[in-house]
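# Inside the fold
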Amino acid sequence: MIRKVLLILVVLVVVLVAGIAVFVASRQHLSFAATPYPPLEASTDSAVVARGRYIVRDMANCAQCHGDTTQVQAMLSGADVPLIGGRVFDIPPGTFYVRNITPDAETGIGAAPAKAIARALRSGVGIDGRALLPFMEFQGFSDEDLIAVVSYLKAQPPVHNVVSAHRYSALGSVLKATVLASPVGPKPDVTAKSPRGATAENGRYLVESVALCVSCHTQRDEKTGAFTGPRLGGSAGFITDERGRYWSTPNITVDPTHGRLGSMSEDQFVTRLRAGRLLPGSPMPWQGLMKLDEDDLRAIYRYIKTVPPSTHDPGPVGPTEKKS
Ligand code: HEC
Ligand code: HEC
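Computed from a predicted model, the values in this text were never measured in an experiment.

## Looking at the nonpolar core
Phe141, Val207, Leu232 and Ile304 are the most contacted members of the largest nonpolar core, which totals 51 residues. Counting contributing residues per domain, this core is built from domain 1 (46-177) and domain 2 (200-304), each supplying no fewer than three. If near-sequence neighbours (up to four positions away) are discounted, phenylalanine 141 is found in contact with Ile55, Arg122, Leu146, Val149, Val190, Tyr205, Ser209 and Val210.

Okay, here's the thing in structure tokens:
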């Protein structure tokens, strides 16, 4: 009797596992190619390309992931290194290779229409129609800035550089079939034009959608990336530098005792940002942020002043080999 029950159990488990395996395998090549393209075209206007450079290089720091991995020191000193990809993320879901985004037709984005690149950034749908891995959080770019970024990428010198295909682990394949199956989609509040000038509105756009101060300076769930702590209240155990060491990010709210901006006037904030990286190896992209237009720096400060002050204390700023 017991043997029979065991046998039935074993058969059930085998059927279940096989079922899951078939389900997972059937969802490895989902296509979202029907997702509409943003109705945008690249431009060769020098002012548009210059705005794109400002975003790609100084504000959003695409080179941190897409830059030539043999030129990290030059990148950290502020050089516009070629965006040939190759950086490797070796994480539990798999081994992922950052793509070549120079306009080489064969190995980069040269053959992709501008609107397909725009869709990749805004909706998380890859040039080939698959859901992109959620590494990039630029779904809030305005139409104007999306055009500028794509125009700048298209204006780069093409560099032939073959990047390996991603390799998913068993865990990664399951994630790909389930929680990562659908593309992130655009932010609900995208606008046609970007706010400009030293206003809190412009600051909000820069902090939340372009320079992504929130991404690093807010506590997040290590596995899902979901925000779990107070906005700009600092984080621990999430941000690593290019050597894989962990850095806590300070609370940058205006709380008088726990927030960095609590004891900084607007002018002191501008002076601090202009000074650039003071802690060697800090993963904050100081090399670009130190060059922001003064209006943008003031805008950022004015927006952060409107964010509720937080008493969250993420602990001493890194680097540490282990998670804090
Ligand atoms: C945190 C690292 C990171 C940053 C920062 C980053 N990228 Fe990416 N990017 C990736 C990874 C990883 C992929 C590959 C995603 C995939 O294949 O699912 C990628 C892919 C791409 C692609 C190709 C999409 C495709 O369909 O193959 C484009 C275009 C791109 N990134 C543009 C940018 C631009 C522009 C910026 C800056 C505004 C940027 N990236 C910043 C990590 C990053
Ligand atoms: C890639 C992650 C990352 C991003 C993006 C980022 N920071 Fe940071 N930030 C850090 C880390 C790590 C530190 C601590 C190390 C240091 O001070 O360099 C830090 C420190 C700071 C400090 C304290 C500096 C001091 O000397 O007291 C301020 C202020 C700050 N960030 C503001 C910002 C603002 C404003 C933005 C967006 C415009 C931003 N950060 C974007 C990671 C980041």
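## Some thoughts on the site of ligand 1
The environment of ligand 1 is formed by 20 residues, the closest being Cys62, Cys65, His66, Ile127 and Met136. A distance of 2.8 Å is found between an oxygen atom of ligand 1 and a side-chain nitrogen or oxygen belonging to arginine 130. Looking at the shell around ligand 1, the elements with two or more residues in it are helix 3 (63-66), helix 5 (114-123) and helix 6 (143-154). By residue class, the composition of the shell around ligand 1 is 15 nonpolar, 3 polar and 2 charged.

## Quick word on empty space enclosed by the protein
Taken as a whole, this structure holds 3 cavities of 30 Å³ or more when the rule is applied. By volume, the largest cavity amounts to about 80 Å³. As for the largest cavity, its lining consists of Arg53, Arg57, Asp58, Asn61, Ala63, Met75, Gly78, Ala79, Asp80, Gln287, Gly288 and Lys291. Those elements that place two or more of their residues in the lining of the largest cavity are helix 2 (46-59) and helix 11 (286-289). Looking at side-chain class alone, the lining of the largest cavity contains 3 nonpolar, 4 polar and 5 charged residues. If you count residues domain by domain, the lining of the largest cavity takes at least three from each of domain 1 (46-177) and domain 2 (200-304). The calculated volume of the second largest cavity comes to roughly 60 Å³. Lining the second largest cavity, in full, are Ala120, Leu121, Gly124, Leu132, Leu133, Pro134, Phe135, Met136, Gln139 and Val184.

How each quantity is defined
Residues numbered from 1 in each chain as written. Chains lettered and ligands numbered in written order. Predicted model: local features only at pLDDT ≥ 70, side-chain atom pairs only at ≥ 80, totals over all residues. Heavy atoms only, no water. Core = buried A, V, L, I, M, F, W, Y, C linked by side-chain atoms within 4.5 Å. Buried < 20%, exposed > 50% of the residue type's maximum accessible area, 1.4 Å probe, protein only. Domains from an automatic or database assignment. Contact = heavy atoms within 4.5 Å. Near = heavy atom within 4 Å. Polar contact = N/O pair within 3.5 Å; in protein donor to acceptor, adjacent residues only side chain to side chain. Helix = DSSP H or I, 4+ residues; strand = E, 2+ residues; numbered from the N terminus. Nonpolar A, V, L, I, M, F, W, Y, C, P; charged D, E, K, R; others polar. 1 Å grid on protein atoms, 1.4 Å probe; cavity = no way out; pocket = protein on both sides within 12 Å on 5 of 7 lines; lining within 4 Å. Points joined across faces, edges and corners; volume = space filled by probe spheres on them.

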